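# Coordinates in review
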Amino acid sequence: MSKKGMDKKVVETPYTDIYVTVRTTRSADGSTCRIAAIASDCRGKGLPGAKQRVQKLNSASERQDIERATAFVIARALDAYIQAYPQQQAPALSENIAADTLLSLYQQFHEAGYPVHPDWRPGTNHSAKLAFKRTIPHICAALADGCDPQNLAVAIHDRVRDDVQSNANARDRSSIDKTVRKNMLWCDAVLNAMRLAYPGRPELKIRLNVPDGHGLSVLREQAKALPQNIREALAEYLTDCCRLYDARLALTSPDCANPEELRHQIQMLEKVIPDENPRYVLVMLMMYDAGLRTSEAAAVTGDSLRPLDCAGHHTTSLVLVQCQARDGKRCKILKSENAYRTTVLSHWGHVMVQSVLRYLAVFDSQWPQHVTDPKGASAWILQRLRVLGVSDCCLSNTAASLMAAGEHGLLASEDLSAYILRRDCATRWAFRCGLSLDTIDILLGHARYGRKSGCVEYRDTRWLTEIAYAIERYVHVPEYSAAPKYMPYLLPCGTIDIQTPYPTYCYRNIGSQPVQISIAITAQEPGEAITLCCSGAVVHAIHAQDVADAPDKRMERTIFTTGDNHDGS
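The text that follows walks through the structure, step by step, so that each part is easy to find. All values derive from a computational prediction rather than experimental measurement.

Attention now goes to the pairing of strand 3 (residues 33-40). The side chains of a regular strand alternate, first on one face of the sheet and then on the other. In terms of residue burial, strand 3 counts as a mostly covered element, since seven of its eight residues are buried. As paired strands, strand 2 (residues 19-27) and strand 3 are joined by eight bridges and run antiparallel to one another. When the sheet's bridge partners are listed, Arg23 is paired in strand 3 with Ala36. Taking the residues between adjacent antiparallel strands as the criterion, strand 2 and strand 3 are bridged by five residues, where Gly30 takes a positive phi near 75 degrees. Where strand 3 meets strand 4 (residues 53-57), five bridges bridge the pair, whose relative direction is antiparallel. Residue Ala37 lies in a different strand from strand 4, and its bridge partner there is Arg53.

The structure is reproduced here in structure tokens:
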């Protein structure tokens, strides 16, 4: 290939001290483009054991999407190095680690008030720091015994396991394994936070990336959810799209009272949401709020939805996943048996989806006979995510995660959007809404490996109603939220018992007589303080009761974040 020119750049990755150097070479006639990537340091020098990955673009259509191909090559190069990382020689320590040195540095970190992770609740940050403090003597003792830094993580893992077993009493092996993996994850997270707070310290170059039961390592477990600012921007973008559709519909109505005001509103919305596509907006809503796959979301019509009345408080929609878009048709053969399921929209998602469906019924003459193209929707959604602030580093990490899961044949944009949105949906359900892992697997249509015996799958209205209440803990847009903080319950006269999953509960007495209310509240953690704040009410009695904290339940407990300004926590 006769070379015309070469571009070189060094790209950041989610991993500490690991970069990817990308070289793009074009032929003199412009007919061929070659992209090469290799894991490197910050100066572009290849790391020991790193392997170069190359992608050649020959056709005109491939060259038009060079950015997608570049992200794909970066992900391949990064994944190749990370897979080989445990076998690579760990960075040499410039000085011996003494117990007092590492402990002193940790004390500085702790006293300065640095969080281990900004999205973890205070109790979890505290537990992680305690786990690391208990592990410091093991780290120093292992190094003092001449342990090779390459095998340090395994040695620490064995010592932590001995500690857990000595205090485990009659715990089964599964509970012990979970506790050890959790402690090692916490210790690795503390080390990462300390490296950010004190860059360049040789004491912090150790790694605790012990492989877990599936052959992966703590080092490769990345934060795969969207940042909160991007979540808010995404929800606002989708809400603005639906406001635009409602305004256009209202303008066509013969009973339209303020056409000039509506035209002005439409013009303002069109300026802030260019390139909107109602079909793709519907797909994006289904993926982001209900956790559907791209092909499943592309096949959704009004017939796929069923109304769900949540005790008269609010209405939402059940989504019946029974077909997918394939070859321009709705195919009733899904990916697996678990893919046939019923999932739930939040109240915000329900309002948005109904708005899009009303608009499509009027303005799209081919709806719903003509099926939405899943690949076109995926590419459009990926572009929207880029505009909203999703970085190339995040996309590279996502592609690497897909390939680590066995999806080696995927191009960078074919399934990244589905993976990002579904993963974020699962993270919100787990960390903000408190759904169990088995429940999330059912809603996402996943196979529940290793947990089938302990999983009872419910598809009845009561179970789905409980999920509908729980997912309202996360607030997309307060104006359309059904959380009692923003949508008070209307209570009639009489006596009523309330068992609520919400951290903030509001009610409105619509009668002329007082209402007696009994509220039962259970703390998420043992010993956690509960505060009752009432306005315009008389509190008769408060009874506190201790509840036994079972170790097996503690192992499965989700980590709740401290929340944002909207979620009422």
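Read on, since the account is not over.
For Ala193, the location among the structural elements is in helix 6 (residues 173-197). Assessed through its relative accessible area of 10%, Ala193 is described here as buried. When the C-alpha positions of Ala193 and Pro115 are compared, they lie 7.6 Å apart, and in sequence the two are 78 residues distant. With near-sequence residues (within four places) excluded, Ala193 lies in contact with Phe109, Pro115 and Val116.

Here we take up the sheet that holds strand 5 (residues 305-310). Ordered by their spatial adjacency, three strands build an open sheet running 5-6-9, and the pairing between neighbours is antiparallel. With partners counted over all chains shown, the strands left at the sheet margins are strand 5 and strand 9 (341-344), one partner each. The average angle at which neighbouring strand axes cross in this sheet is 30 degrees, direction not considered. When strand 5 meets strand 6 (residues 314-321), the two strands line up antiparallel, connected through six bridges. Bridge pairing links Leu305 to Val319 in strand 6. The sheet strands contacting helix 16 (residues 461-471) are strand 5, strand 6 and strand 9, and the helix crosses strand 5 at an angle near 75 degrees.

Okay, the packing of helix 9 (residues 278-290) against helix 14 (residues 416-432) next. When two helices pack together, their arrangement is given by the angle between the helix axes and the distance between those axes. Where helix 9 contacts helix 14, the axes come no closer than 7 Å and their chain directions differ by 35 degrees. Packed against helix 9, whose contacting residues are Met284, Met287, Tyr288, Asp289 and Ala290, the element helix 14 presents Ser417, Ala418, Leu421, Arg422, Asp424, Cys425, Arg428 and Trp429 at the interface.

This paragraph deals with the environment of Glu12. Within the element layout of this structure, Glu12 appears in strand 1 (residues 3-12). For the pair formed by Glu12 and Asp392, sequence separation is 380 residues and the distance between their alpha carbons is 9.0 Å.

Rules used throughout
- Residues numbered from 1 in each chain as written.
- Predicted model: local features only at pLDDT ≥ 70, side-chain atom pairs only at ≥ 80, totals over all residues.
- Heavy atoms only, no water.
- Buried < 20%, exposed > 50% of the residue type's maximum accessible area, 1.4 Å probe, protein only.
- Helix = DSSP H or I, 4+ residues; strand = E, 2+ residues; numbered from the N terminus.
- Pairing = 2+ DSSP bridges.
- Contact = heavy atoms within 4.5 Å.
- Axes fitted to C-alpha atoms, helices over the stretch in contact; angles between N-to-C directions.

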